[in-house]
Amino acid sequence: MWHYTTNGIYSVKSGYKLEMSKKKDCSGAVGSSSEPRVQNAFWRKVWSQEVPQKILYFNWRAIKNYFPCRSNLLKRKIISEDSCPICNVNSESVIHALWSYPNAQKVWKKVLFREVFTRLNFSNYGDLFEIATMYLSKYEMRLFLYICWSLWQNRNKAVIEGRSCAQDVIFNRAHHLAGEYGSLVKGEPNLIVEKPTKWSPPPVGKYKLNVNPAFIPETGVGGIDAVVRNDKGEVMAAMALPLASATSSKHAEIMAFLFEMKFARDAGFSSILIESDSQWVVNDVKKDEEESWASDGHLIDDIKRSLQHFEDVIISFSPRRGNQVAHFLAKHALNCNTMVTWIEEVPFWLESIVNDDMVVSS
Ligand SMILES: [Zn+2]
């Protein structure tokens, strides 16, 4: 079994690539390693956020710590002590002003994705931003940056005018501005490359299972979910499960497929359409091979065997943007410790995403 091709079979090309990559690693070893490339990717993320220039610049200053919070003013000897002007206790660092101070936390409580961050460790704003880019969608990133910006505006207002806004006002402003800018971006034809594909319902009387894992390569943490919907788009059953031992996103995708199929079968759906956002899992499962030599091939074989337990099953590929519900649940799974299932009774927040996700019939 050869680990450097997707199908597990050796090719001269892949051997040559491997040798060349070894050479590259050695020549760059003296004090530089792969660090610059990682850094470049990070700064590309910083400058590619879809927000106005002033917010991009604000975010960049916060990451670089070029930020007029009191701990930085103290460092430059502009002031003589650095306690936070609002809570008076801690030193006012960037992370204190934009994230950890009590009023900021009250604002962050209003966003669902705050949960993601409270379970992770970060000591400065740059780390927080990097984590955010890993977990959040384009829209959520915009809201994230606008909330940081509004918090800082509010802090200045409190310091200069001696009055600050209520948490609701701060949050609503950020939410409104993020939405407004989003609608402007959508209006620019140059920026839209692909139309988001909407979820399409199965034929009348049939059920559709959407498969969609989330995986964070840096931590090896994954989450998987399953959503079964009927032809009206109603959620019949849903499941979210954390995946602690995924070794790669491919591994997470394949485990997701396996678990979800089992979930749907156990929930009593014997005739089903399975829609996965993983092109390669769909291809491998459909491939007519005796056994697979790929590194997770034994799992593909498992899937094929399990498929025989269904009366009637059709597997198809759908890009990630098509399954908002599944995508959201997969992120939800990242945050839970055990498996969560919903059969028939679906939580309200899931209902609202389901409605957003439906194909608008004209
Ligand atoms: Zn404070």
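Note: the structure precedes this text.
Nothing here was measured: the structure is a model prediction, and the numbers come from that model.

Draft legend 1. Representation of helix α12 (residues 279–286). Among all positions of α12, only Val-281, Val-282, Asp-284 and Val-285 are buried. The buried residues of α12 occupy one face: seen down the axis, they fall within an arc of 165°. In α12, the exposed residues that point more than 90 degrees away from the buried face are Gln-279, Asn-283 and Lys-286. Close packing links the buried residues of α12 with α11 (249–266), β5 (271–276), α13 (297–307) and β6 (312–317).

Draft legend 2. Region of the structure containing the packing of helix α3 (residues 53–64) against helix α8 (residues 125–135). Contact pair α3 / α8: the axes reach a minimum separation of 7 Å and the direction vectors enclose 125°. Here α8 runs oblique to α3, going by the angle between their axes. Facing Asn-59, Ala-62 and Ile-63 of α3, the residues of α8 in contact are Tyr-125, Gly-126 and Phe-129.

Draft legend 3. Just the environment of Trp-2, in detail. Tracing the sequence through the fold places Trp-2 in the segment before α1 (12–27). Residue class for Trp-2 comes out partly exposed when judged on the 15 C-beta atoms lying within 10 Å of it. As for Trp-2 and Ser-295, which are separated by 293 residues in sequence, their C-alpha atoms are 8.0 Å apart. Leave out the neighbours within four places in its chain, and Trp-2 touches Gly-8, Ile-9 and Tyr-10.

Draft legend 4. Focus on α11. The end-to-end C-alpha distance of α11, which contains 18 residues, comes to 25 Å, matching closely the 26 Å that a straight helix rising 1.5 Å per residue would cover. All of the buried residues in α11 are Lys-250, Ala-252, Glu-253, Ile-254, Met-255, Ala-256, Phe-257, Glu-260, Met-261, Phe-263 and Ala-264. Directly beyond the C-terminal end of α11, a positive phi value near 100° is found at Gly-268.

Draft legend 5. Structural detail: the nonpolar core. Grouped together as the largest cluster of nonpolar side chains are 33 residues, with contacts concentrated most on Leu-209, Ala-226, Val-228, Met-239, Ala-264, Ile-272 and Ile-274. Residue contributions to this core peak at 8 residues, all from α11. With 32 residues, the next largest nonpolar core counts Leu-145, Ile-147, Trp-149 and Ile-170 among its residues.

Draft legend 6. Quick peek at the packing of α11 against α13. Axis separation between α11 and α13 bottoms out at 10 Å; the angle between their running directions is 20°. One finds that α11 runs roughly parallel with respect to α13. The element α11 and its partner α13 pack so that their crossing is left-handed. When α11 is examined against α13, the residues Ile-254, Phe-257, Leu-258, Met-261 and Lys-262 are found in contact with a partner set consisting of Leu-299, Ile-300, Asp-302, Ile-303 and Ser-306. When the residues that make up the contact of α11 with α13 are grouped by side-chain class, the tally is 7 nonpolar, 1 polar and 2 charged.

Draft legend 7. Here's a closer look at unusual backbone geometry. The phi dihedral of Asn-65 is positive, around 65°, even though this residue is not glycine. Among the structural elements, Asn-65 can be located in the loop between α3 and α4 (70–75). Phi is positive for Lys-77, close to 60°, though the residue is something other than glycine. When you line up the elements, Lys-77 lands in the loop between α4 and α5 (94–100).

Definitions and cut-offs
- Residues numbered from 1 in each chain as written.
- Predicted model: local features only at pLDDT ≥ 70, side-chain atom pairs only at ≥ 80, totals over all residues.
- Buried ≥ 20, exposed ≤ 12 C-beta atoms within 10 Å, placed from the backbone.
- Helix = DSSP H or I, 4+ residues; strand = E, 2+ residues; numbered from the N terminus.
- Arc of directions from axis to C-beta.
- Contact = placed C-beta atoms within 7 Å.
- Axes fitted to C-alpha atoms, helices over the stretch in contact; angles between N-to-C directions.
- Parallel < 35°, antiparallel > 145°, perpendicular 65-115°, else oblique.
- Expected span 1.5 Å × (residues − 1).
- Core = buried A, V, L, I, M, F, W, Y, C linked by C-beta atoms within 7 Å.
- Left-handed = near helix turned anticlockwise from the far one by under 90°.
- Nonpolar A, V, L, I, M, F, W, Y, C, P; charged D, E, K, R; others polar.

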